[in-house]
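# Per-entry structural report
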Amino acid sequence: MSALSEGLTQIVIPLASLVGIGFALLQWFLVSRVKLSSQDSSNGYKQKLIESDEEEEGINNLEISIKCTEIQHAISVGATSFLFTEYKYLGIFMCVFGAIIFLFLGSVKGFSTKSEPCTYSQGNTCKPALANAIFSTIAFLLGALTSVLSGYLGMKIATYANARTTLEARKGVGKAFITAFRSGAVMGFLLAANGLLVLYVSINLFKLYYGDDWEGLYESITGYGLGGSSMALFGRVGGGIYTKAADVGADLVGKVERNIPEDDPRNPAVIADNVGDNVGDIAGMGSDLFGSYAESSCAALFVASISSFGISHEFTAMSYPLLISSMGIVVCLITTLFATDLFEIKKVSDIEPSLKRQLLISTVLMTAGIAVVSFFALPSEFTLFNFGTEKEVKNWHLFFCVAIGLWAGLIIGYTTEYYTSNAYSPVQDVADACRTGAATNVIFGLALGYKSVIIPIFAIAIAIYVSFSLAAMYGIAVAALGMLSTIATGLAIDAYGPISDNAGGIAEMAGMSHKIRERTDALDAAGNTTAAIGKGFAIGSAALVSLALFGAYVSRAGIKTVDVLTPKAFIGLIVGAMLPYWFSAMTMKSVGSAALKMVEEVRRQFNTIPGLMEGRVKPDYANCVKISTDASLREMIPPGALVMLTPLIVGTLFGVETLAGVLAGALVSGVQVRNISITFTSLCSYKQTP
């Protein structure tokens, strides 16, 4: 039996969620807690403007504040418009795919309404197939809605804080850093707490129907993870196409052809570029990490439901994944205080160490937290299902599984930081290669991108080996959860980057002094690295989660071994390995098509609008925003369809063994491709060479 009672478990999990939500709201309040005065801008938009107590170089005047407000409003409107349009498409997808899930699951037993023998709990009866289809569909919709909400809330706080970060930079780099980081923390804590709370409430509501049928209960709850990851797929693809198309259009015509600064207000694509940072790197990344979090939690819960404490209905032990996430919220809350209250940023060189310190502090504290949860929530010894056999496991085994996932995440984060920070030789080598032209720059960038894969893959491989050896597939699932246990801090660090990037753009467009722009550029340079760190965590956790889900699939499909020497499995393996390249080709072509239209529009405006280059008239920002929006929403459908339909088609036409090969091949290949692309793009994203 667990030392922690069921009643206390029922209190701790929702309490931790509410604490996380409350802390996020507190951070939001602190971001807005500046002296304000209402002013009407020239376009009729009424907005509260920040006034600084410390004027610097005569720039603290009403005109600058109004410009910042107008730009912030334009970015917010553009981002909101894109997300609402995207969510209309996703709403249709949710309904259609939800219906497909219901039909596929219900038709397995002919939409039977009769109870049937349980698969793993021999001698017991489980709820009918129709009930499983209904509740899985409901869980899918809940996961999708939570993912959408996570992305939207992240975007709102980012667009709320970008101009505030710009204006706080007048007081010093430390004030601007705190504003940007607190804003990122709002997103991180809201996502972690909302995800945990909705999952906890869903389990308890589903339990009202399922009762003692925990096998059916937790099998249906896996739809929550599928819903989250489905929305993340489209959010990441759509937002990514948007931001890269706008970025290429703004840079190619503005910086290269017209020789004007990146965020010059004369550039028609500059607002679209800043909008893209929010819909791609904020809303998209938020949905992405929520999808990994939801999948890892659901995979761990399902595997646990067929273990000894699942069959014997030990709720506290079953809730071990949720308790780990609850502890993570508390640990991240303490960690955040080190960045915002306990250590002061006094100079530019303090920024990046402060962010790196967040990763280390949260990992050390979480290791202790994992030990507490493992020894109080789990029985001293229990059995786990292991592909048809039972494996004896002790509670300290699971401690090591979660901890190794946590520390593997830290290693991946630091490795990504090394290969993408301008403080180290990889970025400096790429910058130095620019002297001899674009060709050597691309060669160096690709070489370092390939090299950056080595250490993360070894870290993931060791985590998989140790966790599987100790606790089979359940060990891998909780290792992934360990990597994501500090998701609130990880997302705060990740969201800080786009907020700082927007702050720099607003400073340039508002015509603020060079000193202010230097401060925002310093924040942005650190943000380039932190954004890559967040993506690194997403890669590692996605690899572990995918393997855990793969194990759940082969277990449920009755496959004891996947023999790659059989034709079906080997064909599936090579086709699966090809799929990430096919997906990448589709998204790159989509970015190219959207960027082509953006480049043509920016050129048209420069060539046909008299006085634009001289700064006498404003460009048509709205048309560029519309081009990126329309192109990204149209182009995100084929890549998304490839991912969603491939398992259905392969499984239906070629059987479960071929599908197992496809999933394994896609998993192995996808980790490499994504890691290379992230490092390469981050290396090339710096505005200035070191």
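Above this text is the structure in question.
Residues numbered from 1 in each chain as written. Predicted model: local features only at pLDDT ≥ 70, side-chain atom pairs only at ≥ 80, totals over all residues. Heavy atoms only, no water.

### Regarding the overall build of the protein chain
- The number of helices and strands found in the protein chain is 20 helices and six strands.
- A compact globule built from 690 residues would reach a C-alpha radius of gyration of about 26 Å, and the protein chain, at 25 Å, matches this within 12%.
- Expressed along its principal axes, the backbone C-alpha trace of the protein chain runs to roughly 80 × 50 × 45 Å.
- The proportion of buried residues among the 690 residues of the protein chain is 60%.
- A sequence separation of at least 24 residues applies to 82% of the contacts in the protein chain between residues at least 6 apart.
- Only carbon and sulfur atoms are counted for the fraction: they give 65% of the accessible area of the protein chain, which is about 26,300 Å². (Helix = DSSP H or I, 4+ residues; strand = E, 2+ residues; numbered from the N terminus. Rg over C-alpha atoms; globule rule 2.2 N^0.38 Å. Buried < 20%, exposed > 50% of the residue type's maximum accessible area, 1.4 Å probe, protein only. Contact = heavy atoms within 4.5 Å. Areas by Shrake-Rupley, 256 points an atom, 1.4 Å probe, with all protein chains shown as cover.)

### Considering the packing of helix H3 (residues 129-168) against helix H5 (residues 214-257)
- Relative to each other, H3 and H5 sit at 35°, their axes nearing to 6 Å. Crossing of H3 against H5: the hand is right-handed. Across the interface between the two elements, Asn132, Phe135, Ser136, Ala139, Phe140, Leu142, Gly143, Ala144, Thr146, Ser147 and Val148 of H3 pack against Gly216, Glu219, Ser220, Ile221, Gly223, Tyr224, Leu226, Gly227, Gly228, Ser230, Met231 and Ala232 of H5.
- When the residues that make up the contact of H3 with H5 are grouped by side-chain class, the tally is 11 nonpolar, 11 polar and one charged. (Axes fitted to C-alpha atoms, helices over the stretch in contact; angles between N-to-C directions. Left-handed = near helix turned anticlockwise from the far one by under 90°. Nonpolar A, V, L, I, M, F, W, Y, C, P; charged D, E, K, R; others polar.)

### Overview of the pattern of salt bridges
- In this structure the tally under the stated criterion is 11 salt bridges.
- Two residues, Glu508 and Arg517, come together in a salt bridge whose shortest N-O distance is 3.1 Å.
- One salt bridge in this structure joins Arg517 and Asp521, with 2.9 Å as the shortest N-O distance. One end of the pair, Arg517, and the other, Asp521, are both in helix H16 (residues 514-556), four residues apart, so they sit about a helical turn from each other.
- Three or more residues joined by partner-sharing salt bridges are found here, namely Glu508, Arg517 and Asp521. (Salt bridge = Lys/Arg side-chain N within 4 Å of Asp/Glu carboxyl O.)

### Focus: unusual backbone geometry
- Of note, the phi angle at Asn259 is positive, near 55°, even though the residue is not glycine.
- Residue position: Asn259 is located in the loop between H5 and helix H6 (270-305).
- Here the phi dihedral of Ala472 falls at roughly 55°; this positive angle occurs in a residue that is not glycine.
- Residue placement: Ala472 occurs in helix H14 (residues 454-483).
- For Ala472, a relative accessible area of 1% corresponds to the buried category.

### Some remarks on the nonpolar core
- Ranked by internal contacts, the top residues of the largest apolar core, which has 182 residues, are Phe177, Phe189, Tyr218, Tyr320, Ile351, Leu398 and Tyr474.
- Among the elements that take part in this core, helix H4 (residues 173-210) stands out by supplying 20 residues, more than any other.
- In contact with Ile351, not counting residues within four places along its chain, are Val173, Phe177, Ile345, Tyr496, Ala522, Leu523 and Ala526.
- With six residues, the next largest nonpolar core counts Leu642, Val650, Leu659 and Val662 among its residues. (Core = buried A, V, L, I, M, F, W, Y, C linked by side-chain atoms within 4.5 Å.)

### What about the packing of H3 against helix H15 (residues 487-509)?
- Contact pair H3 / H15: the axes reach a minimum separation of 8 Å and the direction vectors enclose 55°. On the basis of their axis angle, the class for H3 and H15 is oblique. H3 and H15 meet at a crossing whose hand is right-handed. Between H3 and H15, the residues in contact are Ala158, Ala161, Asn162, Ala163, Thr165 and Thr166 and Ile499, Asn502, Ala503, Ile506 and Ala507, respectively.
- Looking at the contact of H3 with H15 residue by residue, the class counts come to seven nonpolar, four polar and no charged. (Parallel < 35°, antiparallel > 145°, perpendicular 65-115°, else oblique.)

### Remarks on the packing of aromatic side chains
- Under the criterion given, the structure shown has 20 aromatic pairs.
- With 5.8 Å between their ring centres and 50° between their planes, Trp28 and Tyr160 make a pair best called tilted. Of the two residues, Trp28 is situated in helix H1 (residues 6-32) and Tyr160 in helix H3; the sequence distance between them amounts to 132 residues.
- The exposure class assigned to Tyr160 is partly exposed, which follows from its relative accessible area of 22%. (Phe/Tyr/Trp six-rings, centres within 6.5 Å; stacked < 30°, edge-to-face > 60°.)

### Digging into a nonpolar patch on the surface
- The grouping of Val564, Leu565, Phe570, Ile571, Ile574, Val575, Met578 and Trp582 at the surface amounts to a nonpolar patch, some 770 Å² of accessible area in total.
- You can see Ile571 is positioned in helix H17 (residues 567-608). (Patch = residues over 30% accessible without salt bridge, like charges linked within 9 Å, V, L, I, M, F, W, Y side chains within 5 Å.)

### Observations concerning H14
- With 30 residues, H14 extends only 18 Å from end C-alpha to end C-alpha; this falls clearly short of the ideal 44 Å at 1.5 Å per step.
- Where H14 bends most, at Ala471, the angle is about 135°. (Expected span 1.5 Å × (residues − 1). Bend = angle between axes of the 7 residues up to and from the residue.)

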